[in-house]
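Descriptive analysis of the structure
The chain contents come next:
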Amino acid sequence: MRLLRSTDLALRVLMRLAVAGESTPTTREVAADMDVPYTHAAKVVAELQHLGLLAARRGRGGGLALTEEGRTASVGAVVRTFEGDGDVVECEGATPCPLHSACRLRGALKRAQEAFFASLDPLTVADMVAAPTGPVLLGISSRP
């Protein structure tokens, strides 16, 4: 299974903020740290803020901070939110699959997708930044 770019970035932003300590990097700084376009980072940050996983303050002294809910958030739940609950394959699109009524593949892929999510459910954002990841994240920061 391949994650959407926004899902990947959401997880990396949460992980980056989990090691930020007292600093509050801006969306622009996080985008630079992650080497992604600012506009893409801004959309992901807005969704994470809407979900209550991070707090954003504007203006001088503003920036991004991980909330406690964000620190303890299930990686599986974050992935589900960003990926959606759609099927892995499109069976009923513009040209519906002729096997649709008797297909066993769709169910097997749905079970595999759920197993993928379930394997991520027990992991939290805090778990993802345990050594050796946390120190590496600190090292890529563009802030002095």
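Read on for an overview of the structure. Keep in mind that what you see is a predicted model, and the values were worked out from it rather than measured. Counting restarts for each chain: residues are numbered from 1 in the order of the written sequence. Since the coordinates come from a predicted model, pLDDT governs what is reported: local features require at least 70, and pairs of side-chain atoms require 80 or more to be given and counted, while whole-chain, interface and lining totals use all residues. Derived side-chain values reflect all non-hydrogen atoms in the structure, with water molecules and hydrogen atoms excluded from consideration.

Some thoughts on the overall build of the protein
Secondary structure elements follow DSSP: runs of H or I no shorter than four residues count as helices, runs of E no shorter than two count as strands, and numbering proceeds from the N terminus. When you go through the protein residue by residue, the secondary structure sums to eight helices and two strands. Reported as C-alpha extents along the three principal axes, the dimensions of the protein are approximately 60 × 30 × 25 Å. Long-range pairs, those at least 24 residues apart, make up 70% of the contacts in the protein between residues at least 6 apart in sequence. By element, 56% of the accessible surface of the protein is carried by carbon and sulfur atoms, the whole surface being about 8,700 Å². Neither His nor the chain termini are counted; the positive set is Lys and Arg, and the negative set is Asp and Glu. A charged residue contributes its charge at one atom only: NZ of Lys, CZ of Arg, CG of Asp or CD of Glu. On the protein, the mean spot of the 16 positive side-chain charges and the mean spot of the 16 negative ones are 5 Å from each other. Residue contacts are defined here by distance: any two heavy atoms, one from each residue, within 4.5 Å place the two residues in contact. Exposure was quantified through the Shrake-Rupley algorithm and a 1.4 Å probe, taking into account, for residues, occlusion by the shown protein chains and nothing else.

Description of the pairing of strand E1 (residues 54–57)
DSSP calls a pair of strands paired once it identifies at least 2 bridges connecting them. Looking at chain direction, E1 and strand E2 (residues 63–66) are connected through four bridges and run antiparallel. Paired with Leu 54 across the two strands is Leu 66, which belongs to E2. Between E1 and E2, which follow one another and run antiparallel, lie five residues, and Gly 59 among them has a positive phi close to 85°.

Regarding the pattern of salt bridges
By convention in these notes, a salt bridge is any Lys or Arg side-chain nitrogen within 4 Å of a carboxyl oxygen on Asp or Glu. A full pass over the atoms with the stated rule returns four salt bridges. Here Arg 16 ties to Asp 33 by a salt bridge, and the two come within 3.0 Å at their closest N and O atoms. Taken as a pair, Arg 16 in helix H1 (residues 5–18) and Asp 33 in helix H2 (residues 27–34) lie far apart in primary sequence, 17 residues in all. Using a 1.4 Å probe on the protein chains alone, a residue whose accessible area is under 20% of its type maximum counts as buried, one over 50% counts as exposed, and one in between counts as partly exposed. The class of Arg 16 is buried, set by a relative accessible area of 3%. Across the pair Glu 114 and Arg 80 runs a salt bridge whose closest N-O atoms are separated by 3.7 Å. Of the two residues, Glu 114 sits in helix H6 (residues 105–120) while Arg 80 sits in helix H5 (residues 75–83), which places them 34 residues apart along the sequence. Glu 114 gets classed as partly exposed once you look at its relative accessible area, which sits at 34%. A residue is classified by how much of its surface remains accessible, and Arg 80, at 28% relative accessible area, is partly exposed. Via salt bridges that share partners, Arg 80, Glu 114 and Asp 121 belong to a single interconnected network.

Just distances and angles here, no functional claims.
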